[in-house]
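Fold and geometry: a report
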Amino acid sequence: MRHHNVWISLGFAKLTALSTLSMFLLAPGQAQSSIRNQVRILLEGYVTPIEGREFVPGVRDDGARQVASTMALVEGDNAIVFVDPGFVRDRALIFDALAQAAVTPEAVTHVFISHHHPDHTLNAALFPNATVVDFWANYKGDLWEDRGDNVEIAPGIRVLRTPGHTREDASLVVETEKGTVVFTHVWWTEELFPPEDPLAEDAAALEASRQLVFSLADCIVPGHGGAFPNPQKPGANCDAIAFPQM
């Protein structure tokens, strides 16, 4: 369904000095054993071709594809974070998933936006009390509050700049008792797809961001697909995530 064979890997240069970056990016504050963050996937996203229509956006004026963002809840100390409230077939799916998690839209304290493409932002206004968080700032009401990189928005929950797909991309790094979960758009879906991002604004920066995510994550949640264990960490798993009941 996803036409994986149309992508050609360019074999990007490997990022050097990862160990130095990893030391800098270790989560500040609490020891992992004391972290109580809970991660729940609400809706698993997708990017699906439509037969006879151009799959990649921007190539032809009559292109089309079906798209939904992977949406999740992160519940921690005095924080409920909704991840990427973008495209969905029907908004009722969002409300039903929240109800199953026993969370109201009004209870959400933060909305994390991985980047500013509309398929990840369209439904941000559903959460009236939330602070919206992106790669460089927090927004609530009429307040635009600048924020640096690698900053905690709650204990064990931090926003990390990971440019490449766009210059404004960020990843949400969540420490849990069962490992580190990273929500990111450095890949669209599981299986590290696509190897070459046709929409990347900076391919070299994207490769550096991918290597950074590899250095941090036990479980990776891409922007439009299912969670998967970090393939560069033997024994890594996604046990820290609660998945939707089927």
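Shown above is the structure to which this text applies.
Here is a short report on the structure shown in this document. (Residues numbered from 1 in each chain as written. Predicted model: local features only at pLDDT ≥ 70, side-chain atom pairs only at ≥ 80, totals over all residues. Heavy atoms only, no water.)

Description of the nonpolar core
- The biggest cluster of nonpolar side chains holds 24 residues, and the ones touching the most others in it are Val74, Leu172, Val181 and Phe183.
- Among the elements of the structure, strand S1 (38-43), strand S4 (71-76), strand S5 (79-83), strand S10 (151-154), strand S11 (157-161), strand S12 (170-176), strand S13 (179-183) and strand S14 (219-221) are those that each provide at least two residues to this core.
- For Phe183, the contacting residues outside a window of four places in its chain are Val39, Ile41, Ala72, Val74, Val83, Ala170, Ser171, Leu172, Val174 and Val221.
- By size, the runner-up hydrophobic cluster in this structure holds 18 residues, among which are Leu73, Ile94, Val111 and Ala124. (Core = buried A, V, L, I, M, F, W, Y, C linked by side-chain atoms within 4.5 Å. Buried < 20%, exposed > 50% of the residue type's maximum accessible area, 1.4 Å probe, protein only. Helix = DSSP H or I, 4+ residues; strand = E, 2+ residues; numbered from the N terminus. Contact = heavy atoms within 4.5 Å.)

Structural notes on the sheet that holds S13
- The six strands are arranged S10-S11-S12-S13-S14-S15 in an open sheet whose pairing can be described as mixed. Looking at the sheet topology across the chains shown, the edges are occupied by S10 and strand S15 (228-229).
- For S12 and S13, the ladder comprises five bridges, and the chain directions are antiparallel. Considered in S13, the bridge of Leu172 is made with Phe183.
- Contacts from helix H3 (residues 203-216) reach S11, S12, S13 and S14, with the element oriented near 155° to S11. (Pairing = 2+ DSSP bridges. Axes fitted to C-alpha atoms, helices over the stretch in contact; angles between N-to-C directions.)

Regarding the state of the cysteines
- For the structure shown, the criterion picks out one disulfide.
- Each disulfide pairs two cysteine sulfurs, and for Cys219 the partner residue is Cys238, the sulfurs being separated by 2.1 Å. Measuring the twist about the S-S bond at about 95°, one finds the Cys219-Cys238 disulfide to be right-handed. Here Cys219 is found in strand S14, whereas its partner Cys238 is found in the loop between S15 and strand S16 (241-242), with 19 residues between them in sequence. (Disulfide = S-S within 2.5 Å.)

A word on unusual backbone geometry
- For the peptide bond that leads from Phe193 to Pro194, omega is -5°, which places it in the cis range.
- In this structure, Pro194 sits in the loop between S13 and H3.
- A positive phi angle is found at Glu191, which is not glycine, with a value near 65°.
- We classify Glu191 as exposed; its relative accessible area is 63%.
- Non-glycine residue Leu192 carries a positive phi angle of around 55°.
- A relative accessible area of 27% means that Leu192 is categorised as partly exposed.

Topic: the packing of aromatic side chains
- Under the criterion given, the structure shown has eight aromatic pairs.
- Aromatic side chains Phe55 and Trp188 sit 6.5 Å apart centroid to centroid with 55° between the ring planes, which places their arrangement in the tilted category. In this pair, Phe55 is assigned in the loop between strand S2 (46-49) and strand S3 (65-68) and Trp188 in the loop between S13 and H3, connecting sequence segments 133 residues apart. Of the two residues, Phe55 and Trp188, neither departs from the other in class, the shared state being buried.
- When the ring of Trp187 is compared with that of Phe228, the centres are 6.4 Å apart and the planes differ by 70°; the resulting orientation is edge-to-face. Of the two residues, Trp187 sits in the loop between S13 and H3 while Phe228 sits in strand S15, which places them 41 residues apart along the sequence.
- Take Phe228: its relative accessible area is 8%, and that puts it in the buried class.
- Chaining the aromatic ring pairs together yields one cluster made of Phe135, Trp136, Tyr139 and Trp144. (Phe/Tyr/Trp six-rings, centres within 6.5 Å; stacked < 30°, edge-to-face > 60°.)

So, the layout of surface pockets
- In this structure, the largest pocket occupies an estimated 250 Å³ of space.
- Around the largest pocket, the lining comprises 16 residues; the ones closest to its centre are Pro57, Arg65, Val67, Asp119 and Leu199.
- When grouped by side-chain class, the residues that make up the lining of the largest pocket number eight nonpolar, six polar and two charged. (1 Å grid on protein atoms, 1.4 Å probe; cavity = no way out; pocket = protein on both sides within 12 Å on 5 of 7 lines; lining within 4 Å. Points joined across faces, edges and corners; volume = space filled by probe spheres on them. Nonpolar A, V, L, I, M, F, W, Y, C, P; charged D, E, K, R; others polar.)

Side note on the pattern of salt bridges
- What the rule picks out here adds up to five salt bridges.
- With a closest N to O distance of 2.9 Å, Arg36 and Asp77 form a salt bridge. Taken together, the residues Arg36 in the loop between helix H1 (18-25) and S1 and Asp77 in the loop between S4 and S5 connect sequence positions 41 residues apart.
- For Asp77, a relative accessible area of 26% corresponds to the partly exposed category. (Salt bridge = Lys/Arg side-chain N within 4 Å of Asp/Glu carboxyl O.)

Fair warning: the whole summary comes from geometry, so function is off the table for now.
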